[in-house]
Amino acid sequence: MCGIVGYIGMHRAADYLVNGLSKLEYRGYDSAGIAVLENNKIRVEKCVGRLDALRTKLGNNIPEGNIGIGHTRWATHGRPSDLNAHPHVAGKFAIVHNGIIENYLKLKEELLAKGHEFTSETDTEVVAHLLEDYYEGDFEEAVKKVLRVIRGSYALAFMCEDQPDMIICTKKDNPLVIGLGDGENFIASDIPAIINETRRTFIMSDGEIATVTPDGVWIQDINGVPISKKVFIVSWNAEAAEKSGYDHFMLKEINEQPKAIRDTVSGRINLEEKNIAFPELCWTEDEMKEINKIFIVACGTAYHAGIVGKYYLEQLARIPVEVDIASEFRYRSPLVDGNSLTIVISQSGETSDTLAALREAKRLGARTLAVTNVVGSSIAREADQVVYTYAGPEIAVASTKAYTTQLLAMLMLSIYVARLRNTLDKRTIAGLVTALANLPNAVEQTLKHTETIKGLAEKYSPCNDVFFLGRSLDYAVALEGALKLKEISYIHAEAYAAGELKHGTLALLVPGVPVIVLATQEDIYDKTISNLQEVKAREAEVLAIGFEGDSSLENYADHVVYIPKTDKYLAPMLSVVPLQLFAYHAALVRGCDVDKPRNLAKSVTVE
Ligand code: F6R
């Protein structure tokens, strides 16, 4: 997904711009560019490909100016190309844009009729031409006029040759932050791009227009009404956004799970009272009793966390739950009303489909709650209530620690709701709280099996297909294991509810095909083992994941990976770890770009 940076100050802007963009590489992109004001003239350097291609293009001929904007583009309108790369220029203006200008075709027609000449196929270029068209000597006024006519979603940064002392930026439905320095200021679409420079930030809200100079930042709305904002101090450090010695962000993030879990339970479990608390939530018992249905809405891995959440909420809090893919929910006229609660789950808090689903649920009158990892994200701001996961920045495209903390948040939430609705006895809650307190250690123990899993991943990495089976919560985790494997190793992988296999897919099981079977759910354990035997009877290779002490698994499976024994509800947070490691090592052996899988982006802010 696209990234934006901007710099204004006393140093060479290009250095910060390229460096800042490199910190946004995790978002996924296909071209990159910068625009710098050099001797009062805009100089643009941009090209298709990775940032290295831009660095090579610049060579020693680096623009010298102290004000500039930069961009990494993930193509939406127009293929990846030098011309379609941002920044886009018209007359005295250069602009960069994340998002989509929905009415660009109509605007382009009007501009063409007025004689404007376009050089790209992008929706973005109309913004630069509109600015040129509306400009009558007042840069800020021209920007406001542009904002009155464009429709869609955007984070935008603008530069003007007549105003060598300012960058203007604004946003709607796309993230944008301003980093506050000393005699210099920074603009970025995400915090990692500025964290090396400053931790003091303004998190921009929709409709705010910021005029950024070396000495200050002035924020106003479209009518010129000044807005005063609180400085937001970023609590994580630069190191947290780096690889810390690991070969890949994904491996670092898999290994960070014990800490992510510790941070997410912290302040929410009370070991003395053996209870769960969510100080941030303000629900009364009566309000909780009014809720007669829950919708969980999310995309991808977060959707898989939602499926686990359904099991938790239904079994512990006894509320009916529907889980929806966000892009389906928003268009299917869901039967949502004031007595229902819609929970949206999103690591980034910016996923376009999830945000739209949240808005749809609100429009229909539902109460809403967001489970997200990004403080101040659009989804966090728009939901009625927020439960944050504290996984820290997740850089690898493949979600790992965000997923486990989403499961954790859903489990704690379910226990909390169950308590308010009196559907769980104190002893059960106490048992779960104790198990939750031990969870980080259990994940650490699970991570110790890395070498065994690596060996298995190497053995099976040449395969074309891998199947994942499980029942109940094991099935939900199987879905996530299959997604992890396909997205980073490009091996075709499918997950099935183990009991469903015989209804068709069993036909695909031929000798040697690897089948990963999760067997952690004691209430349906025997059924899972029967399905495992159906698989073995077709001479498929079975890799089982089960609890320590369950040595009987070795009688049925070719390989067994053990996870520490825990409560069945916590098993998903352990059993997913070997699946993440399996996918990681299989991808590595196959020479894949683990952190940036092909065609994928970290934060999907288009529909
Ligand atoms: C897969 C993955 C994606 C995301 C999905 C939703 O590893 O990361 O499937 O889970 O794009 O993203 P968020 O959670 O940011 O809404």
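Structure's up top.
Because the structure is predicted, anything quoted here is derived from the model rather than measured.

Visitor: What exactly am I supposed to notice about the sheet that holds strand 20 (residues 367-372) here?
Guide: Where strands meet in a sheet, backbone hydrogen bonds hold them as pairs that are either parallel or antiparallel. With parallel pairing, the 5 strands of this open sheet are ordered in space as 18-17-19-20-21. Of all strands in the sheet, those with a lone pairing partner are strand 18 (321-325) and strand 21 (385-388), marking the two edges. Here the strands of the sheet are splayed against their neighbours by 20° on average, with no regard to which way each runs. Bridge analysis of strand 20 against strand 21 gives 4 bridges, and the strand direction is parallel. Paired with Ala370 across the strands is Val386, a residue of strand 21. Seen against the sheet, helix 11 (residues 352-363) touches strand 17 (293-298), strand 19 (340-346) and strand 20 and runs at an angle of roughly 165° to strand 19.

Visitor: Can you help me understand the sheet that holds strand 14 (residues 232-233) in this one?
Guide: Strand order in the open sheet made by the 8 strands is 3-2-4-1-10-9-11-14, with antiparallel pairing throughout. The open sheet has two edge strands, strand 3 (41-48) and strand 14, and neither has a second partner. Where strand 1 (residues 3-8) and strand 10 (residues 185-188) come together, 4 bridges link them in antiparallel fashion. Pairing of Val5 across the sheet is with Ala188, part of strand 10. Against the sheet, helix 1 (residues 13-22) contacts strand 1, strand 2 (31-38), strand 4 (67-73) and strand 10, and its axis sits at roughly 155° relative to strand 1. Here helix 2 (residues 51-58) sits on the sheet and contacts strand 2 and strand 3; the angle it forms with strand 3, its principal contact strand, is near 130°.

Visitor: Would you mind going over the pattern of salt bridges with me for this structure?
Guide: Two side chains bearing opposite charge may form a pair once their charged atoms approach each other closely. Enumeration according to the criterion identifies 37 salt bridges in this entry. One salt bridge connects Glu322 with Lys293, and the closest N-O pair in it is separated by 2.5 Å. Taken together, the residues span a long stretch of sequence, with Glu322 in strand 18 and Lys293 in strand 17 at a distance of 29 residues. As a salt-bridge pair, Glu360 and Arg363 come within 3.0 Å of each other at their nearest N and O atoms. Remark: Arg363 and Glu360 occur in helix 11; sequence separation between them is 3 residues, near one turn of the helix. Looking at Glu360, the relative accessible area reads 15%, which means it is buried. Three or more residues joined by partner-sharing salt bridges are found here, namely Glu38, Arg43, Glu45 and Lys57.

Visitor: What exactly am I supposed to notice about helix 4 (residues 125-134) here?
Guide: One full turn of an α-helix is made of 3.6 residues, so residues set three or four places apart face in the same direction. The buried fraction of helix 4 amounts to 7 of the 10 residues, a majority that puts the element mostly inside the structure. When helix 4 is considered as a whole, its buried residues turn out to be Glu125, Val126, Val127, Ala128, His129, Leu130 and Leu131. Structurally, helix 4 contributes buried residues whose contacts are with strand 5 (88-90), strand 6 (93-101), helix 3 (104-113), helix 5 (139-149) and strand 7 (152-160).

Visitor: Sorry, what's going on with the packing of helix 16 (residues 473-489) against helix 19 (residues 571-589) here?
Guide: To characterise two packed helices, one gives the angle between the axes of the helices and the distance between these axes. Contact pair helix 16 / helix 19: the axes reach a minimum separation of 9 Å and the direction vectors enclose 20°. On the basis of the axis angle, helix 16 is roughly parallel to helix 19. The hand of the helix 16/helix 19 crossing is right-handed. Here Leu473, Val477, Glu480, Gly481, Lys484, Leu485, Ile488 and Ser489 of helix 16 lie close against helix 19, whose contacting residues are Pro572, Ser575, Val576, Leu579, Phe582, Ala583, Tyr584, Ala586 and Ala587. Its residues assigned to classes, the contact of helix 16 with helix 19 shows 12 nonpolar, 3 polar and 2 charged.

Visitor: Which parts of the structure should I look at to understand the site of the ligand?
Guide: Close contacts around the ligand come from 13 residues, with Ser346, Gln347, Ser348, Thr351 and Glu487 the closest. With respect to the ligand, the side chain of Ser346 contributes an N or O atom lying 2.6 Å from an oxygen atom. Computed on the free molecule, the ligand has an accessible area of 400 Å², of which 89% lies beneath the protein chains in the complex. Residue contributions to the shell around the ligand peak at 3 residues, all from helix 9 (residues 300-317). Classifying every residue of the shell around the ligand gives 4 nonpolar, 7 polar and 2 charged.

Cut-offs and rules
Residues numbered from 1 in each chain as written. Predicted model: local features only at pLDDT ≥ 70, side-chain atom pairs only at ≥ 80, totals over all residues. Heavy atoms only, no water. Pairing = 2+ DSSP bridges. Helix = DSSP H or I, 4+ residues; strand = E, 2+ residues; numbered from the N terminus. Axes fitted to C-alpha atoms, helices over the stretch in contact; angles between N-to-C directions. Contact = heavy atoms within 4.5 Å. Salt bridge = Lys/Arg side-chain N within 4 Å of Asp/Glu carboxyl O. Buried < 20%, exposed > 50% of the residue type's maximum accessible area, 1.4 Å probe, protein only. Parallel < 35°, antiparallel > 145°, perpendicular 65-115°, else oblique. Left-handed = near helix turned anticlockwise from the far one by under 90°. Nonpolar A, V, L, I, M, F, W, Y, C, P; charged D, E, K, R; others polar. Near = heavy atom within 4 Å. Polar contact = N/O pair within 3.5 Å; in protein donor to acceptor, adjacent residues only side chain to side chain. Areas by Shrake-Rupley, 256 points an atom, 1.4 Å probe, with all protein chains shown as cover.

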